[in-house]
Amino acid sequence: MEAGQAEAGAENAIARSLATLRARAGIDMAFGAKVNPDGRAMTILQISGGLTRSLSGLIITSGAGLGGKTLLLGRPALVRDYLAAQGITHVYDHAVEQERLRTVAALPVRVGNAPKYVVYLGNRRPLELGDRWLDALAPRLGELERELAVQEELNRRLRQLAAPTPNEPPALSEGELREIANELAALAGEVFDDGLRARLQALHQRVAPDHAVPQHRQPTVFLTPRETAVLEQVAAGCSNADAAERLGLLPNTVKSYLKSAMRKLDVNNRVQAIVAAREAGVIR
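Cut-off values and rules
- Within each chain, residue numbers correspond to sequence positions counted from 1 in written order.
- Under the rules for a predicted model, residues below a pLDDT of 70 receive no local features and side-chain atom pairs below 80 are neither given nor counted, while totals for whole chains, interfaces and linings still include all residues.
- For side-chain calculations, the full set of non-hydrogen atoms in the structure is used, while hydrogens and water are omitted.
- Helix and strand labels come from DSSP, where a helix needs a run of H or I of at least four residues and a strand needs a run of E of at least two; each type is numbered from the N terminus.
- To sort residues, take the accessible area from a 1.4 Å probe on protein chains only and compare it with the maximum for the residue type: under 20% means buried, over 50% means exposed, and anything in between is partly exposed.
- Residues are treated as being in contact if the distance between any of their heavy atoms lies within 4.5 Å.
- Shrake-Rupley sampling with a 1.4 Å probe provides the accessible areas, and residues are treated as covered by the protein chains on show and by no other component.
- Only Phe, Tyr and Trp rings are paired, with Trp represented by its six-membered ring, and only when their centres lie within 6.5 Å; those with planes under 30 degrees apart are stacked, over 60 edge-to-face, the remainder tilted.
- By this definition, two strands are paired if DSSP reports at least two bridges between them.
- Note on geometry: axes are C-alpha line fits, over the in-contact stretch for helices, and angles between N-to-C directions span 0 to 180 degrees.
- What is meant by a nonpolar core is a set of buried Ala, Val, Leu, Ile, Met, Phe, Trp, Tyr and Cys residues, joined one to another through side-chain atoms within 4.5 Å.
- Basic side-chain nitrogens of Lys or Arg form a salt bridge, by our definition, when they fall within 4 Å of a carboxyl oxygen of Asp or Glu.
- Only protein atoms enter the calculation, which uses a 1 Å grid: trapped sets of points that fit a 1.4 Å probe without letting it out are cavities, open sets showing protein on both sides within 12 Å along at least five of seven lines are pockets, and any residue with an atom within 4 Å of a point is a lining residue.
- Grid points are joined across faces, edges and corners, and a volume is the space filled by probe spheres set on the points.
- Amino acids are sorted into nonpolar (Ala, Val, Leu, Ile, Met, Phe, Trp, Tyr, Cys and Pro), charged (Asp, Glu, Lys and Arg) and polar (every other residue, Gly among them).
- Whenever a nitrogen or oxygen atom comes within 3.5 Å of another N or O atom, the pair is scored as a polar contact, on the condition that within protein one atom can donate a hydrogen and the other can accept it, and that pairs from neighbouring residues in sequence are kept only if both atoms are in side chains.
- Scored from 0 to 100, pLDDT records how confident the predictor is in each individual residue.

Looking at an unreviewed UniProt entry, one finds the protein chain named DNA-binding response regulator and attributed to Nocardioides immobilis.

Right under this line is the structure:
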């Protein structure tokens, strides 16, 4: 039952986000693909604004097409004219052509270090998209990633609290239950979905009936995908030049993103930026 609730909660979160992203981007179509546990493929499950069923249930393999490229590299990818685009394979042209899509973007949705979903945004007329367009979508993508992370952590804790079988270790101690209660309280502050919040409240009541679940709070830091990517490279020990080469950017562009991230994190140097970003849960 809990597995079914987890699946439904994640799919509902994706469906809501597709509608929101489509509206914010002013674009014709949005669809979401769930990544397989092994990370080698994904399946398109939710569609908003489609004309046909050509994409529904389509299995995308890592490295194939635009979404497969995003899955392989773990970063956003976009093309102005999908059918004529270079740098991607064209094994899914038949499905894209039926939807009459031209400009398409594929955006990874991460939980932890790996993409769990890929969100596509497509338009039937060519559009000029760039970093500013991606940056405008970053807050909603960040909300979605946090919501999915909460779903995953909640389900892990539910499994811990389930009645043990003869082959499982003993029930949790009182101290462990208190620790879980504190974690649930922290998670509740990141919840955007009423259904998920209700599940958190019910579980929290089981673990710590005398303590209230805190009200939702808005996250304090919103970094764009490019700012996050630059910080990840810096945290890995890269210089600006190294980060630029890895991300396909100019060194001055990397420097600009790093300065912007430092300003948002309210820090003065690279080391402080890495520490602050980790504390905020932006990078690991």
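So that's the structure; there's more coming.
Peer 1: Any chance you could explain the overall build of the protein chain here in plain terms?
Peer 2: Scanning the protein chain for helices and strands turns up 10 helices and six strands. The proportion of buried residues among the 284 residues of the protein chain is 45%. For the protein chain, the share of sequence-separated contacts (at least 6 apart) that also reach a separation of at least 24 residues comes to 60%. Approximately 14,700 Å² of the protein chain is accessible, and the part contributed by carbon and sulfur atoms is 50%.

Peer 1: Would you take a moment to explain the packing of aromatic side chains for this structure?
Peer 2: Centre-to-centre distance and the angle between the planes together describe a pair of aromatic rings. This structure, assessed with the given rule, holds one aromatic pair. Both rings, one in phenylalanine 31 and one in tyrosine 120, keep their centres 4.5 Å apart while their planes meet at 10°; by these two values the pair is stacked. Here phenylalanine 31, found in strand 1 (residues 29-35), pairs with tyrosine 120, found in strand 6 (residues 114-123); they are 89 residues apart in sequence, far enough to count as distant. You'll find phenylalanine 31 and tyrosine 120 in the same group, each marked buried.

Peer 1: Which parts of the structure should I look at to understand the sheet that holds strand 6?
Peer 2: Strands belonging to one sheet form pairs held by backbone hydrogen bonds; the direction of such a pair is parallel or antiparallel. If you trace the six strands from one edge of the open sheet to the other, you get 3-2-1-6-5-4, paired in antiparallel fashion. Looking at the sheet topology across the chains shown, the edges are occupied by strand 3 (59-61) and strand 4 (77-79). With strand direction ignored, the average angle separating the axes of adjacent strands in the sheet is 25°. With nine bridges connecting them, strand 5 (residues 103-111) and strand 6 associate as antiparallel partners. Counterpart to alanine 106 in the pairing with strand 6 is tyrosine 120. Across the face of the sheet, helix 2 (residues 65-73) comes into contact with strand 1, strand 2 (41-48), strand 3, strand 4, strand 5 and strand 6 while running at roughly 30° to strand 5.

Peer 1: What is the right way to read the nonpolar core from this model?
Peer 2: Nonpolar side chains in soluble globular proteins tend to end up buried together. Met42, Leu66, Tyr82 and Tyr120 are the most contacted members of the largest nonpolar core, which has 25 residues in total. Every element with two or more residues in this core is listed here: strand 1, strand 2, helix 2, strand 4, helix 3 (93-98), strand 5 and strand 6. Ranked by the residues each element gives to this core, the list is headed by strand 1, at four residues. Apart from residues lying up to four places away in sequence, methionine 42 is in contact with Ala33, Lys34, Val35, Asn36, Leu58, Ile59, Ile60, Gly67, Gly68, Leu71, Val118 and Tyr120. Judged by nonpolar contacts, the second largest core, of 23 residues, contains Ala229, Val230, Leu249 and Val254.

Peer 1: Just checking my understanding: could you explain the pattern of salt bridges for this structure?
Peer 2: Two side chains carrying opposite charge are able to pair once their charged atoms lie near each other. Taken as a whole, this structure holds four salt bridges when the rule is applied. A salt bridge links aspartate 81 to arginine 102; its shortest N-O distance comes to 2.8 Å. With aspartate 81 in the loop between strand 4 and helix 3 and arginine 102 in the loop between helix 3 and strand 5, this pair connects stretches of sequence that are 21 residues apart. For aspartate 81, a relative accessible area of 22% gives the class partly exposed.

Peer 1: In this structure, what is going on with empty space enclosed by the protein? I would like to understand it.
Peer 2: It is a probe the size of a water molecule, rolled over the atoms, that shows where empty space is left. According to the stated counting rule, one finds one cavity of 30 Å³ or more in the structure shown. Size it by volume and the largest cavity reaches roughly 100 Å³. Around the largest cavity, the lining comprises 14 residues; the ones closest to its centre are Phe31, Leu55, Tyr82, Val96 and Tyr120. Per-element accounting of the lining of the largest cavity gives the leading share, three residues, to helix 2. The residue inventory of the lining of the largest cavity, partitioned by class, reads 12 nonpolar, two polar and no charged.

Peer 1: Hey, could you run me through the pairing of strand 5 in this one?
Peer 2: Both faces of the sheet carry side chains from a regular strand, because those side chains alternate between them. Among the nine residues that make up strand 5, eight are buried, leaving the element largely enclosed by the rest of the structure. Looking at chain direction, strand 4 and strand 5 are connected through three bridges and run antiparallel. Directly across from valine 79, in strand 5, lies its bridge partner valine 104. Linking two consecutive strands that pair antiparallel, namely strand 5 and strand 6, is a turn of two residues; a positive phi of about 75° is found at glycine 112 within it.

Peer 1: Mind showing me how you'd approach helix 10 (residues 270-279) here?
Peer 2: Owing to its 3.6 residues per turn, the α-helix aligns residues three or four sequence positions apart on the same side. Buried residues of helix 10: Ala273, Ile274, Ala276 and Ala277, and no others. The elements touched by buried residues of helix 10 are helix 7 (225-235) and helix 9 (251-265). For helix 10, the capping residue at the N-terminal end is asparagine 269, with a side-chain oxygen 3.2 Å from the backbone nitrogen of valine 271. Looking one or two places after helix 10, you find glycine 281, whose phi comes out positive at around 80°.

Peer 1: Looking at this structure, I do not really get the confidence of the model for the protein chain. What am I missing?
Peer 2: Do not read the fine detail of predicted coordinates wherever pLDDT is low. Counting all residues, the mean pLDDT for the protein chain is 80, and 74% of those residues have values of 70 or more. Per-element averaging of pLDDT across the protein chain places helix 5 (residues 174-188) at the bottom with 58 and strand 3 at the top with 97. For the stretch residues 213-218, pLDDT sits under 50, and the model shows 19 contacts to residues farther than four places along the chain or on other chains.

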